[in-house]
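Letter by letter, the chains look like this.
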Amino acid sequence: MKLFITIPSANNPHGGLRVILEWANRLTKYHEVYLYNLSGRNSCHWFEIDKRVKIADIGDLWHCDTAILTSPHSAHLLDIILPGQKCFLFLQMLEDMFNPKDLTWLSMCHKFYTSNYPMICISKWNIDVLHNRFGRRGTIHYIGNGINTNDFPIFKEPKQGNIVLIEGWEASNPTKDAYHVAHEVAKRLRSDGCYIVSYGHTRLKTDRHVPHVHHFQPSLQKMNELYEQATILVKATICDARSCSPIEAMTKGTPTARAINNGDDDLEHEYNCLRCEYDVGDLYAIARRLLDDRELYERISNNCIEYARQLSWDQIIQQVNDILCNG
């Protein structure tokens, strides 16, 4: 088949964009892949796109057998899918929550969520909302994400000191750490004597005195170094479908103290992480527990490595291909 895959943009490092690019690269094993960048800016300095992936323009859509629309940004393309074409929707998150007061954006999300084309989804919580709030009746296929162990090699060595890595310091939308729960926990942990390292897609703006060091859009090499050096990762968001950073940290045996109300299907409390509701006191408690209970820490750290080994992109893409061929 000829596959036409959309991507909102590819300029800056982002977990959701990484997943789309992994799909595009790996589906070249089975099909001719065209990647259409909705932003119009096709440069990508942080992820290596397979040479077999053809950078497309909108005119290529009608020459492909199958379209994969990967976010509500591409909802307008639903109107020009040809009668003989297949179309699949890839939902990575309920993105209406990102801009809940933007009527144009909400209309695009509604159109995307309620389309009758088959959908591929990575979050059981998202699926429940689609059924119960939006009344979606179209087919939904549930899959997970993989981990690229070429980019994030599995490696474990003893940790030195209490280094706490904070991912996503600046909240990018209302579903993230909008109330700065991770900031408050980091303040307490710094007072306890921990060394606080933060990284994210934006420069440090709020509570700049808390991290000892902040990394702005770190390179792949630097991200691996941060995960190797960190004793624990702390991540706080109100909700998420499935986040990449805890899985990336798992490849280095680094457990996550995770505050979240809904989502993150990969993270199982007391197996490969400690998780709690989106609450300062609860997040501080589980972070301290990971730092203080060495037996618990080592057990979860080892489980992280084993879980990361199971997340083969080859298996995930085989699932995706089966859906594309049979859906």
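Summarised in this report is the structure supplied together with it. (Residues numbered from 1 in each chain as written. Predicted model: local features only at pLDDT ≥ 70, side-chain atom pairs only at ≥ 80, totals over all residues. Heavy atoms only, no water.)

## Some thoughts on the sheet that holds strand S6 (residues 119-121)
Piece 1. The parallel open sheet is built from seven strands, whose spatial order is S3-S2-S1-S4-S5-S6-S7. A single partner strand is all that each edge strand has here, and the edge strands are strand S3 (54-55) and strand S7 (140-142).
Piece 2. Sheet topology places strand S1 (residues 2-7) next to strand S4 (residues 66-69); three bridges connect them, and they run parallel. Across the sheet, Ile5 pairs through a bridge with Ile68, a residue of S4.
Piece 3. Lying over the sheet, helix H1 (residues 15-27) contacts S1, strand S2 (32-37), S4, strand S5 (86-91) and S6, oriented at roughly 165 degrees with respect to S1.
Piece 4. Against the sheet, helix H2 (residues 103-114) touches S4, S5 and S6, its axis set at about 120 degrees to S5. (Pairing = 2+ DSSP bridges. Helix = DSSP H or I, 4+ residues; strand = E, 2+ residues; numbered from the N terminus. Contact = heavy atoms within 4.5 Å. Axes fitted to C-alpha atoms, helices over the stretch in contact; angles between N-to-C directions.)

## Side note on the sheet that holds strand S10 (residues 213-216)
Piece 1. Taking strand neighbours across the sheet as the criterion, the six strands line up as S10-S9-S8-S11-S12-S13 in an open arrangement whose pairing is parallel. Looking at strand neighbours, the two that pair on one side only are S10 and strand S13 (273-276), the edges of this open sheet. The mean inter-strand angle of the sheet, taken between neighbouring strand axes irrespective of direction, is 20 degrees.
Piece 2. Pairing analysis gives five bridges linking strand S8 (residues 163-167) to strand S9 (residues 195-200), with the strands arranged parallel. Residue pairing in the sheet places Ile163 in a bridge with Tyr195 of S9.
Piece 3. Along the sheet, helix H7 (residues 280-292) contacts S8, strand S11 (232-236), strand S12 (256-259) and S13; its crossing angle with S12, the most-contacted strand, is approximately 170 degrees.

## Things to note about a nonpolar patch on the surface
Piece 1. Together, Ile58, Trp62, Ile80 and Leu82 give the surface a local cluster of nonpolar side chains, amounting to about 340 Å² of exposed area.
Piece 2. Here Leu82 is to be found in the loop between S4 and S5.
Piece 3. Among the residues examined, Leu82 registers a relative accessible area of 31% and is labelled partly exposed. (Patch = residues over 30% accessible without salt bridge, like charges linked within 9 Å, V, L, I, M, F, W, Y side chains within 5 Å. Areas by Shrake-Rupley, 256 points an atom, 1.4 Å probe, with all protein chains shown as cover. Salt bridge = Lys/Arg side-chain N within 4 Å of Asp/Glu carboxyl O. Buried < 20%, exposed > 50% of the residue type's maximum accessible area, 1.4 Å probe, protein only.)

## Some thoughts on the packing of aromatic side chains
A ring pair, where both rings are aromatic, is described by two values, the distance of the centres and the angle of the planes.
Piece 1. What the rule picks out here adds up to seven aromatic pairs.
Piece 2. Pairing Phe152 with Tyr227 gives two aromatic rings, centres 6.3 Å apart and planes at 55 degrees, and the pair type is tilted. With Phe152 in the loop between S7 and S8 and Tyr227 in helix H5 (residues 220-229), this pair connects stretches of sequence that are 75 residues apart.
Piece 3. The class of Phe152 is buried, set by a relative accessible area of 1%.
Piece 4. Tyr227 sits in the buried class, given a relative accessible area of 0%.
Piece 5. Each ring, one from Tyr199 and one from Tyr227, has its centre 6.2 Å from the other, and the planes form 85 degrees; the classification is edge-to-face. Separated by 28 residues along the polypeptide, Tyr199 in strand S9 and Tyr227 in helix H5 bring together distant segments of the chain.
Piece 6. Three or more aromatic residues joined by ring pairs form one cluster here, namely Phe152, Tyr199 and Tyr227.
Piece 7. The ring of Tyr284 has Arg188 lying over it, and the distance from NZ or CZ to the ring centre is 5.5 Å. (Phe/Tyr/Trp six-rings, centres within 6.5 Å; stacked < 30°, edge-to-face > 60°. Lys NZ or Arg CZ within 6 Å of the ring centre and 35° of its normal.)

## Some details on the side chain of Arg18
Piece 1. Tracing the chain through its elements places Arg18 in helix H1.
Piece 2. For Arg18, the residues in contact, after removing those within four places along its chain, are Trp46, Phe47, Asn148, Asp151, Phe152, Leu220 and Glu248.

## Quick word on the pattern of salt bridges
Piece 1. One pass over the full model with this rule turns up 22 salt bridges.
Piece 2. A salt bridge links Arg18 to Glu22, with the shortest nitrogen-to-oxygen separation between them at 3.6 Å. Of this pair, Arg18 and Glu22 both sit in helix H1, four residues apart, which is roughly one turn of that helix.
Piece 3. By relative accessible area, which is 11% here, Arg18 ends up buried.
Piece 4. A relative accessible area of 2% places Glu22 in the buried class.
Piece 5. Among the ionic pairs, Arg288 bridges to Asp292, the shortest N-O distance being 2.7 Å. One end of the pair, Arg288, and the other, Asp292, are both in helix H7, four residues apart, so they sit about a helical turn from each other.
Piece 6. Classification of Arg288 by relative accessible area gives buried; the value is 16%.

## Re unusual backbone geometry
Piece 1. Look at His180: it is not a glycine, yet its phi comes out positive at around 60 degrees.
Piece 2. Note on placement: His180 falls in the loop between S8 and helix H4 (181-191).
Piece 3. For Gln217, which is not glycine, the phi dihedral falls at a positive 45 degrees.
Piece 4. For Gln217, a relative accessible area of 24% corresponds to the partly exposed category.

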